[in-house]
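Observations on the model geometry
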Amino acid sequence: QVQLEESGGGSVQPGASLRLSCTASGRASSWDAMAWFRQALGKERVFVAGIAGGGDRPVYADTVMGRFSISRDNAKNVVYLQMDSLKPEDTAVYYCAIDVHSRVPERTRLPYDYWGQGTQVTVSS
């Protein structure tokens, strides 16, 4: 079993920044792929960013490319999502996920074995 806990969400104005954190515990490995997804009200959960075990090969959705940055601290079992230049359309619940069977992050939900409870991000003026 793996437990994931997100933190760092909040309400900000357009153009502001937030940094989300996801702490993994239990049987998580530093070699497991991890990712962030988000789900806006009434919409499907979609991929935002992923990072390979070891911290390389970050991948991003086109909608956040150049504004968001994913990183991980394997010593602490934490994955971060730095979100800059936030827009109202970034408003969503953000979820952390881990794939304990692969080192390479995938852009779809299916491969991920465990999910966090989510943290709300609201961007509004």
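Placed above this text is the structure.
An account of the accompanying structure is given in this report. Just so it is clear, the structure is predicted and the values come from calculations on it, not from any experiment.

For the chain, the count of helices and strands is 0 helices and 11 strands. Along the chain direction, N to C, the helices and strands of the chain fall in the order β-β-β-β-β-β-β-β-β-β-β. Computed over its C-alpha atoms, the radius of gyration of the chain comes to 13 Å, within 12% of the 14 Å expected for a compact globule of 125 residues. Per-residue burial for the chain yields a buried fraction of 42% across its 125 residues. Taking contacts inside the chain between residues at least 6 apart in sequence as the whole, the part at least 24 apart equals 59%.

Looking now at the packing of aromatic side chains. Evaluation of the coordinates by the stated rule reveals 4 aromatic pairs. Where F37 meets Y112, the ring centres are 5.4 Å apart and the plane angle is 75 degrees; that geometry is what we call edge-to-face. Here Y112 lies in the loop between strand 9 (92-99) and strand 10 (114-115) and F37 lies in strand 4 (residues 33-39), a separation of 75 residues in the sequence. Considering the side-chain rings of Y112 and W115, the 6.2 Å spacing of their centres and the 65 degrees angle between planes classify their relative orientation as edge-to-face. Accessibility expressed as a relative area gives 25% for W115, which makes it partly exposed. Members of the aromatic cluster, connected to one another through ring pairs, are F37, F47, Y112 and W115.

This brings us to the state of the cysteines. Enumeration according to the criterion identifies 1 disulfide in this entry. Here C22 pairs with C96 through a disulfide, and the sulfurs are 2.0 Å apart. Taking the sign of the torsion about the S-S bond as the criterion, the disulfide between C22 and C96, at about -80 degrees, is left-handed. Here C22 is found in strand 3 (residues 18-26), whereas its partner C96 is found in strand 9, with 74 residues between them in sequence. Classification of C96 by relative accessible area gives buried; the value is 0%.

Turning next to the pattern of salt bridges. As enumerated under the stated definition, the model contains 2 salt bridges in all. Here R38 makes a salt bridge to D90, at a shortest N to O gap of 2.9 Å. Placement of the pair is R38 in strand 4 and D90 in the loop between strand 8 (78-83) and strand 9, with a sequence separation of 52 residues. This pair shows no difference in class: R38 is buried, exactly as D90 is. The shortest N-O distance in the salt bridge between D90 and R67 comes to 2.8 Å. Residue D90 is found in the loop between strand 8 and strand 9, and its partner R67 is found in the loop between strand 6 (59-60) and strand 7 (68-73); the two are separated by 23 residues along the sequence.

The rules we used
Residues numbered from 1 in each chain as written. Predicted model: local features only at pLDDT ≥ 70, side-chain atom pairs only at ≥ 80, totals over all residues. Heavy atoms only, no water. Helix = DSSP H or I, 4+ residues; strand = E, 2+ residues; numbered from the N terminus. Rg over C-alpha atoms; globule rule 2.2 N^0.38 Å. Buried < 20%, exposed > 50% of the residue type's maximum accessible area, 1.4 Å probe, protein only. Contact = heavy atoms within 4.5 Å. Phe/Tyr/Trp six-rings, centres within 6.5 Å; stacked < 30°, edge-to-face > 60°. Disulfide = S-S within 2.5 Å. Salt bridge = Lys/Arg side-chain N within 4 Å of Asp/Glu carboxyl O.

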